[in-house]
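An overview of the molecular structure
If you want the building blocks of each chain, they are given just below.
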Amino acid sequence: MDRQALQERFGLNGESPAIKQVVDKVMQIAKTDITVLLQGESGTGKDVTARAIHSISDRKNADLVIVNCGAIPEGIIESELFGHEKGAFTGAHEARKGYFEKAHNGTIFLDEIADTPKNIQVKLLRVLENGEFFRVGSSKMYTSDVRIIAATNKDLWEEVNEGNFREDLYYRLDTVKIKLPPLRERQEDVIPIFRKFVTEFSSKYDSVFKGFSDEARELLVSYRWPGNVRELKNVAEQLVVLEKSQFIDKERLQKYLKGRQHQGSADNLPVVAANEQKSGEDKEFKSSAAHDPTLIYRALVEMRTDLSDLKKMLAKFLYSSFSSKEIKALPEAMPRDFDPNDISIYTNKQGEESLGVRSMEPEDDEETDEESVDSFFNDDEIPSIEKAEKFLIQQALKKFEGNRRKASQALGVSERTLYRKLDQYELQ
Ligand SMILES: Nc1ncnc2c1ncn2[C@@H]1O[C@H](COP(=O)(O)OP(=O)(O)O)[C@@H](O)[C@H]1O
Ligand SMILES: [Mg+2]
C-alpha cells in the first residue's frame, strides 16, 4: 500500500511534510511487533493512527482492544486490564478476562497512558517486558501475546520528571515515537482536510456548500484550532448543516470559532474565558472541568462529533461527586443513552461501591424513553448554556429528591449559587 492509499483508507488526510512523515512511519513499523508511542494534543489523530497501525499489521484478524487509562477509576483498573478470578472481591460472581487477555494475538491501545495510576504502571511494565500478568485474586501467572500502542497528550518525559510516571516504563514505551503535530503547526493541511469533511458532510446531509470569501479562508487557516482536526471536522459539519447554501464570509465563519480562542486546558478542553464568568461570586464555577457543568456542556457542544471526552468527564464528575451510598442509585439518574455499557457499579474487597467504566466493547443497548443527553442535544439545534445548566440542575435535583445541599455538592457549586440559579430559572 502506498502512502496515499493508506491516507485514503484510514482518513489520515493532509499534505504537510509532518503528516507524510507520520504515514511513512506507520507503514514502516506496522508489520513489526514494536511498541509505539503516539504523542499529540487531543484531536490530532492518535486514535486514527492506532487503528491504521493495527489494521495493516499481521495482527489485523485479532482484536484491537482500546483502553482509556485515564477514564477507568483507580479501584477497578487492575481487574479491567488483567481480569479477575471468581470471588476475588464482593460482586465478582464470575471470573472475567481482562483487556490483555482479550487482546491476545492482537493489539492493545493504551490511550492516555500518562494518567495510569502508579501502582498499575509497575504491572504494565511487567506485561510489556515479558507478557506476564496476574488476574486479581489469583497467583497463577498468565501470559498474553500483544502488540502495544500507547498514546498521550502530555509530555511523558515531563511526567517522569514530576514523579508522575515511572522512568523504566517510559523507556519501555518510548521505542518508536510518532508525533502528531497540532493543526496550527501544519496550516497547509487545514484547507485540504476541510474540503474532505465538507464533501463528506454535504453528501451525508444532502446539502450544498457554496464556498468562502478570501478573508474567511484566511481565518480558517490562521485560527489556532485548540481542538485540532476534531474541531475542524465539527466546524465543517456545522457550516454544512446550519449555513446550508450560504456563501461563507469572515463574519459568518467567526460565529463558529467564537469563544474558542483559548488554548486547551490540561486535558485539552476549551477553557471558559474570564469575562464569560457571570460574576466574581461564581468563583467555584472555575473549579476543575471534572466538576463544572458549564465546561461539560461546552465540551459537549464543541466536541459533539466525538463524545469520548465528555464521557470521561461525566464519569469523573459523577464518580467524584457522589458518596458510596448515593452511587447505588446513580445509573437511574444518569442519562440512559449516555453509553450505559461503559459505566457500571463495582464492589471492591472492602465492600465499598464505586462507579466504573466497563469494557469498551459494544453490548446490546436497552431501549428506554428516559430523557438522554443524545436526545437533549439534538442534532439540528444547539441548546444555550442556560438550557444545559437548567437540565443539569434538574437532573441533580431529581436524583437527590429535591435535596439542594446534595445537588449543589454534586454539581460542584455552592448552595448559594444553586439557590440563585433556581431563582433565575424559576425552578422550584
Ligand atoms: N489527518 C486527519 N485527516 C482527517 N481526519 C482526521 C485526521 N486526524 C484526525 N481526524 C479526525 O479527527 C477526529 C479526532 O481524531 P482522533 O484520532 O480521535 O484524535 P485523538 O485520538 O488524537 O484525540 C476524528 O474524527 C478523526 O477522524
Ligand atoms: Mg483519542
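As shown above, the structure is provided for reference.
A brief structural summary. (Residues numbered from 1 in each chain as written. Chains lettered and ligands numbered in written order. Predicted model: local features only at pLDDT ≥ 70, side-chain atom pairs only at ≥ 80, totals over all residues. Heavy atoms only, no water.)

Some remarks on the site of ligand 1
Around ligand 1, 15 residues are found, and the nearest of them are Asn-13, Gly-43, Lys-46, Asp-47 and Lys-233. At a separation of 2.7 Å, an oxygen atom of ligand 1 approaches a polar backbone atom of Gly-43. Across the complex, the protein chains shield 89% of the 550 Å² of accessible surface that ligand 1 would expose by itself. Split into classes, the residues belonging to the shell around ligand 1 amount to 4 nonpolar, 6 polar and 5 charged. Taken domain by domain, the makeup of the shell around ligand 1 includes at least three residues from each of domain 1 (3-181) and domain 2 (184-257). (Near = heavy atom within 4 Å. Polar contact = N/O pair within 3.5 Å; in protein donor to acceptor, adjacent residues only side chain to side chain. Areas by Shrake-Rupley, 256 points an atom, 1.4 Å probe, with all protein chains shown as cover. Nonpolar A, V, L, I, M, F, W, Y, C, P; charged D, E, K, R; others polar. Domains from an automatic or database assignment.)

Structural notes on the sheet that holds strand S3 (residues 107-111)
Across the sheet, 5 strands lie side by side as S2-S3-S6-S1-S7; this open sheet has parallel pairing. Each edge of the open sheet carries a strand with a single partner, namely strand S2 (64-68) and strand S7 (176-180). The mean inter-strand angle of the sheet, taken between neighbouring strand axes irrespective of direction, is 20°. Pairing between strand S1 (residues 36-40) and S7: 5 bridges, direction parallel. Within S7, the residue paired with Leu-38 across the bridge is Ile-178. (Pairing = 2+ DSSP bridges. Helix = DSSP H or I, 4+ residues; strand = E, 2+ residues; numbered from the N terminus. Axes fitted to C-alpha atoms, helices over the stretch in contact; angles between N-to-C directions.)

A closer look at the packing of helix H10 (residues 214-222) against helix H12 (residues 250-257)
Helix-helix packing is described using two parameters, namely the angle between the two axes and the distance between the axes. Here H10 crosses H12 at 25°, and the two axes come no closer than 8 Å. The orientation of H10 with respect to H12, classified from their angle, is roughly parallel. Here Glu-215, Ala-216, Leu-219 and Leu-220 of H10 lie close against H12, whose contacting residues are Lys-250, Leu-253, Gln-254 and Leu-257. Of the residues that constitute the contact of H10 with H12, the class distribution is 5 nonpolar, 1 polar and 2 charged. (Parallel < 35°, antiparallel > 145°, perpendicular 65-115°, else oblique. Contact = heavy atoms within 4.5 Å.)

Some remarks on unusual backbone geometry
The phi angle of most residues is negative, glycine excepted, and most peptide bonds adopt the trans form. Not every positive phi belongs to a glycine, and Trp-225 is a case in point at roughly 50°. Looking at the secondary structure, you find Trp-225 in the loop between H10 and helix H11 (228-242). Overall, the relative accessible area of 0% leaves Trp-225 in the buried class. Even without glycine at this site, Glu-401 takes up a positive phi of about 50°. Tracing the chain through its elements places Glu-401 in the loop between helix H18 (385-399) and helix H19 (404-411). (Buried < 20%, exposed > 50% of the residue type's maximum accessible area, 1.4 Å probe, protein only.)

Considering the nonpolar core
One finds Leu-81, Phe-100, Ile-108 and Leu-110 to be the most contacted residues of the largest nonpolar core, which totals 32 residues. Those elements that place two or more of their residues in this core are S2, helix H4 (74-82), helix H5 (99-102), S3, helix H6 (118-130), strand S6 (147-152), helix H7 (156-161) and helix H8 (167-173). Here this core takes 5 residues from H6, the largest share from any one element. Counting 24 residues, the second largest nonpolar core, distinct from the first, contains Phe-194, Trp-225, Leu-232 and Tyr-256. (Core = buried A, V, L, I, M, F, W, Y, C linked by side-chain atoms within 4.5 Å.)

Considerations on H10
All of the buried residues along H10 are Ala-216, Leu-219 and Leu-220. Axial view of H10: buried residues confined to an arc of 100°, hence all on one face. Facing away from the buried side of H10 by over 90 degrees, the exposed positions are Asp-214 and Glu-218. As for H10, its buried residues are in contact with helix H9 (190-204) and H12. (Arc of directions from axis to C-beta.)

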